[in-house]
Structures are given as structure tokens and as C-alpha cells.
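# Overview (structure and organization)
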Amino acid sequence: MTESTIEDMKLENAYSAVSATYKGTDIDIHEACREMRETTPVYEGDFIAQFGVPTNAGLALGTRPNFALFKYNDVMSVLRDGDTFTNGFIAKGFGEAFNGLTILAMDGDEHKSVRQLLHPAFMPASVNKWHDRIDEVIRRDYILPMVADKKADLMTFGLDFPLRIMYALMGFPEDDAEKYRKYAAWSLAMVGGNQIDPDKVDDAKTTAKQASKALYQAINEVVVSRRAAGSEGDDLIGRLLRAEHEGRMLNNHEVVTFAMMLLPAAGETTTRTLSSVLTIMFTTPGLLEKVRDNRELIPKLIDETVRYEPVATFKVREVAKDVEIRGVSIPKGSFVQCMVTSANRDEEAFENGETFDVDRKAKPSFGFGFGPHMCIGQFVAKLELKNALNAIFDLLPNIRLDPSKPAPVIEGAQLRGASSVHVIWD
Ligand code: HEM
């Protein structure tokens, strides 16, 4: 791909390419996990291989011993123990496109200190200040312009709005707000670099590198000028430039690389989660009316969807010392595949775990991860999703599925979601 085609890259194409890469085989992952949970809760082997998807390691997992975990307690104890189960290997695979500097690939004290620097900017006290801004973008730029059409594929909105919001929250110049589509396409091309199809791998890696370079330059320009102008402002870049913990601050390179990883981390995860929330809401009898008439259920609808249909079906960790889980010895250097999608439905942790229950009592699940790497942006994501649902209910009266179109389906072996949600309203 040439530099000019990088310039013209389309967000929709970049998103479809990522979906195709992470969709994998048609094996029903819930079914496969249910069986393992019952028969082989600690599996010795590469469970993921059958799905034909890359892992976020971006490495050939087959080159080392692999184990897969299916039970809630096991997944929790691995994800919470970042000293024994580490992430550093990600820097060599997936992290390459992000200059290896992604927070996801950091361990130990390095991770702790960067995380503490970032933390305040993402806590509810800070995030809730963005409520009106998020609401304004959703209503003004997306839902209000749709009203007269009386029908839509809500995933056209769903693909766009989380990226548009991140662009606004980061504090990019609003004189060319359309730029977010280009930046978003580049950020997805970086994720798409994690390709395992031998016919596509070279192209995907080259494109990912070019996209990464272009995005770095674009964000760097903003960061340099913002620092020169005094690092002010309540937006994310302003907050990152001023962030301080125990005398340490982030340099420009760190701010740029963190901002680069935020676009894919914040964008397509929120898009896919919205698609699953909507699919479940529209296809479960009575649920749409129940939530529409009692908006206080919206946060529960989101939490239960993140449990029942987490976007990312598994997380991989490397084992830093010999361990034993349920009597199975796992040697140092092995990869452990934590099957989030299985743990989240484990009947020992969740009564009727295979049933979607909007009234379920709150309990941690792993759709936003768990432990030291738990999603730092979860409050942003939940606020965006809540505002999106409220705007849809407020402005699109009697919204329902479009009977002339196929009903939405949640699919994908690694990244799950529905590609379209066709609706009509009065
Ligand atoms: C519904 C949407 C989202 C989902 C389902 C989601 C999911 C996740 C998960 C599962 C992890 C843990 C990864 C691991 O343990 O290996 C994670 C980490 C992360 N997420 Fe999210 N995320 C979402 C939205 C966001 C948003 C909106 C942001 C930023 C504003 C964000 C920023 C991050 C970052 C920076 C990390 C890395 C944290 C670390 O390594 O310490 N995410 N996310």
C-alpha cells in the first residue's frame, strides 16, 4: 500500500478487515467452552487454534506449551496476578505496530507507574464531566439527523460515534472534525496488522506500519503544539500532558503512543459492545419495553451484556514461574489462554449463567478484564453506551427491528458483535 492510499483509507473497510481477521471459524465458541468447562477445566493445548484467529500475542502460540482455562475462579486468579502471569510478550507481537510501548504490554512497576499517571483522567469524577459533551455529539451529529428517515442500520452510527467522541475528548482540533475517520481507519489498520493468514500477512504488516507512522505524526503534531501552548485544557491530551505521579510526568513520545492505542482500544470495543447490547435488547422478548420504560436498567443491560457476550472472548498471559492449577503443572514460559467467554458463564459463579438476565445481581465478570490491566476506559465506554441508548429511546419513537431485514446476529470467535442492526421507528 502506498502513502497516498493510506491517506484515502476508509474507516468502514478498515473495520471490516479487522472483523474478518478476528471472526475465525464457525465453531460455536459458547458451545465449545461449555463442554470444556464441564470436562476439562484446565486444558493442555492450544484451544484457540481451532478458531483460526490471531491472539493478541501476535506470536505463533504453537511454539510454546499452551494451556486454556475455562472456570471463573481460575481466570480471575490469573488475571489478578500480574507478577506471575505477564503481558510483556505482547510488545513483540501486536505491540510492534504501537512502537512496543502500549500500556497493555507493560508489566510490574513500569505498568504500575504509567497506570497511576493515567488513572485520574479516567475515573468517574473526571469522566462524568464529559457527560454533556458526549451527549451533544451523539444527539447533534448522529441521532437527530437520522430522525426523519424513520429507518437505519444503527451500526452505521455505532461504528462512527465512539471514535468521534474519542477525537473530541482527546482534544483534537475541531476545525476538521472529519479527520477522526482517517485516524480511526489508521488505528484499525494497526490492529489488522496482527494477521495470521499467510497470504495476507505481509500486506497487513506493511499497511499497519504505514498507518502507525501516519498516526504517530498526526498526533505528535497536536501534542507538540499543545505542550508549546502551555498544556492547558480539560481534554485527555491536556490531562496527560499535566499528569504527574511521584515526580514523574509523561514525555511527548509517551503521550503520543498512549493516545495512539486509545483509538482502537476505545473505538471498536465500544462499537461491538453496542451491537451486542442492541441485538440482545431487540431480540429478547419484552426486554426492549422493559428497559425503555425504566431507564435505570440501562447500566444493568450494559453490564449483563458485557458478561454474557464479552467483545474479546479470551486473554492470553505468559507464565513467569512454574505453577499448578487444579493439579495441572504449567511450566514457566507457557502461554495461558483465559477463556473470558467461558468464565463469564460459569454456573458455579453465575446462577443460570447461560441465561441473559437484566435483573442479575451485580458481580464482577471479565468483559472489561480484571486485575492490573482491567480496562482503564470502562467508565468512558459505559457513559457513551448509556448516552447512546438514552438518545435512541428519546429521539426515535417506538423503535423496533426492521421486519424487512435480517435480524442481527452476534458472531465472531475472538471479537464478537453484530455487523448490522436494522431498525425502524414512527
Ligand atoms: C465497551 C468497550 C470496551 C471494552 C469491552 C474494553 C475491554 C477491555 C479489556 C478486556 C481490557 C483488558 C485487556 C487485558 O487484560 O489484556 C481493556 C484494557 C484497556 N482498555 Fe478497554 N474496553 C472498552 C473501552 C475502552 C475505552 C473507551 C477506552 C479509553 C477511553 C479503553 C482503554 C483501555 C486501555 C488503555 C486498556 C489497557 C489498560 C492496561 O493495560 O492497563 N477501553 N479494555
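Residues numbered from 1 in each chain as written. Predicted model: local features only at pLDDT ≥ 70, side-chain atom pairs only at ≥ 80, totals over all residues. Heavy atoms only, no water.

Before going further, it helps to examine the coordination of the iron atom of the ligand. Counting protein donors around the iron atom of the ligand gives one, C375 (SG), at 2.3 Å. Along the chain, C375 turns up in the loop between α15 (340-343) and α16 (378-395). (Donors = N, O, S within 2.8 Å, 3.2 Å for Na, K, Ca; no water. Helix = DSSP H or I, 4+ residues; strand = E, 2+ residues; numbered from the N terminus.)

Neighbouring the ligand are 25 residues, the closest being H111, R115, R317, H373 and C375. A distance of 2.7 Å is found between an oxygen atom of the ligand and a side-chain nitrogen or oxygen belonging to R317. In the environment of the ligand, an oxygen atom lies 2.6 Å from a nitrogen or oxygen atom belonging to the side chain of H373. Taken atom by atom, the bulk of the ligand overlaps the largest cavity. The element contributing the most residues to the shell around the ligand is helix α12 (residues 252-283), with eight residues. Across the shell around the ligand, the residue classes break down as 14 nonpolar, eight polar and three charged. (Near = heavy atom within 4 Å. Polar contact = N/O pair within 3.5 Å; in protein donor to acceptor, adjacent residues only side chain to side chain. 1 Å grid on protein atoms, 1.4 Å probe; cavity = no way out; pocket = protein on both sides within 12 Å on 5 of 7 lines; lining within 4 Å. Sits in = over half its atoms within 2 Å of the grid points. Nonpolar A, V, L, I, M, F, W, Y, C, P; charged D, E, K, R; others polar.)

It is worth spelling out the pairing of strand β7 (residues 315-319) at this point. Summarising burial for β7: four of the five residues are buried, a large majority. Examined bridge by bridge, strand β3 (residues 85-86) and β7 share two bridges and lie antiparallel to one another. The residue of β7 that forms the bridge with T86 is E318. With four bridges connecting them, β7 and strand β10 (residues 335-338) associate as antiparallel partners. (Buried < 20%, exposed > 50% of the residue type's maximum accessible area, 1.4 Å probe, protein only. Pairing = 2+ DSSP bridges.)

Within this structure, the stated rule accounts for three cavities of 30 Å³ or more. Here the largest cavity defines a volume of roughly 1100 Å³. Lining the largest cavity are 50 residues, and of these L104, A265, T269, K315 and C375 lie nearest its centre. Sorting the residues of the lining of the largest cavity by element identifies α5 (108-122), α12, β7 and α16 as the ones contributing at least two each. Element by element, the count of residues in the lining of the largest cavity is highest for α12, at 10 residues. (Points joined across faces, edges and corners; volume = space filled by probe spheres on them.)

With that out of the way, let us pick up the nonpolar core. Counting 102 residues, the largest nonpolar core has I143, F157 and L278 as the members making the most contacts within it. For I143, the residues in contact, after removing those within four places along its chain, are I138, F157, A391, I392, L395 and L396. Of all hydrophobic cores here, the second largest spans 21 residues; its members include V42, L79, F85 and I330. (Core = buried A, V, L, I, M, F, W, Y, C linked by side-chain atoms within 4.5 Å. Contact = heavy atoms within 4.5 Å.)

The subject of this paragraph is the packing of aromatic side chains. Counted by the stated rule, this structure contains 16 aromatic pairs. When the ring of Y308 is compared with that of F356, the centres are 5.6 Å apart and the planes differ by 85°; the resulting orientation is edge-to-face. Here Y308 is found in helix α14 (residues 298-308), whereas its partner F356 is found in the loop between α15 and α16, with 48 residues between them in sequence. Taking relative accessible area as the criterion, Y308 reaches 17% and is therefore assigned buried. F356 gets classed as buried once you look at its relative accessible area, which sits at 15%. Taken together through their ring pairs, the aromatic side chains of Y167, F172, Y180, Y183 and W186 make up a single cluster. The ring of F350 has R307 lying over it, and the distance from NZ or CZ to the ring centre is 5.1 Å. (Phe/Tyr/Trp six-rings, centres within 6.5 Å; stacked < 30°, edge-to-face > 60°. Lys NZ or Arg CZ within 6 Å of the ring centre and 35° of its normal.)

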